[in-house]
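# Reading the structure
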Amino acid sequence: MPNFTMPPTNPTAPMANLRASHFCLRVPDYNEAKQWFIEKLDFRVVHEWHEAMLNVDMGYLAAADDDRCVIELVGGNDPAICERAAADFPNSFATTGFHHFCFTVASVEQTVADLRSRDVAIVAEPFEVEAIGRKLAFFADPWGNLFELEEVLP
């Protein structure tokens, strides 16, 4: 299976100081979403607060063994509901906008089995993409947001 390598970094570029920090996920109920991430994905609560100006609860959650993977959850104050076809993989690629967040795992097959045992919705069973040397699968949270699992193949 082919694989790819990253091109050289460019530390002299004007925007070389950009670093990934977190991604924000808006949910109807902060506590329900927080519990889902803790119970289903073993996430840890890093910090929580109430944002009075927006009347929402917020928190940073991190993966069990990775401080670089931080999700900012925002919930409450009755967000507007919009139609989402995100959990309809692969048809979800037919619309623009945020599509998914990807987690690298040692074994996609084992992670899918673990998620399935926790009643997490698997929306795309494991499949290989030879062009990138990866095995992938997709799952969804209760609100239809997609998450990808990625295993780098030898």
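Residues numbered from 1 in each chain as written. Predicted model: local features only at pLDDT ≥ 70, side-chain atom pairs only at ≥ 80, totals over all residues. Heavy atoms only, no water.

## Looking at the overall build of the chain
What counts is decided by this rule: Numbering of helices and strands runs from the N terminus; a helix is a DSSP stretch of H or I covering at least four residues, while a strand is a stretch of E covering at least two. Think of it in three bands: residues with accessible area under 20% of the maximum for their type are buried, residues over 50% are exposed, and the middle band is partly exposed, with areas taken using a 1.4 Å probe on protein chains only. Should any heavy atoms of two residues lie within 4.5 Å, those residues are considered in contact. What sets the accessible areas is the Shrake-Rupley method with a 1.4 Å probe; for residues, cover comes only from the shown protein chains.
A tally of helices and strands in the chain yields two helices and eight strands. Overall, the chain shows an N-to-C arrangement of helices and strands of β-α-β-β-β-β-α-β-β-β. Counting over 154 residues, the chain shows a buried share of 37%. Residue pairs in contact within the chain that sit at least 24 positions apart in sequence constitute 51% of those at least 6 positions apart. Looking at the chain as shown, the accessible area adds up to about 9,700 Å², and 54% of this sits on carbon and sulfur atoms.

## Re the sheet that holds strand β5 (residues 100-104)
Where we set the bar: A pair of strands is considered paired only if DSSP assigns at least 2 bridges between the two. Here the axes come from fitting lines to C-alpha atoms, over the contacting stretch only for helices, and the angles between their N-to-C directions go from 0 to 180 degrees.
Spatially, four strands are ordered β5-β8-β7-β6 in an open sheet, and the strand pairing comes out mixed. Of all strands in the sheet, those with a lone pairing partner are β5 and β6 (121-129), marking the two edges. Put simply, the sheet's adjacent strands are angled 20° from each other on average, direction ignored. Here β6 runs beside strand β7 (residues 134-140); their pairing, made up of six bridges, is antiparallel. Looking at β7, one finds that Glu 128 is bridged to Lys 135. Of the strands in this sheet, β6, β7 and β8 (146-152) touch helix α2 (residues 108-117), which is tilted by about 175° from β6.

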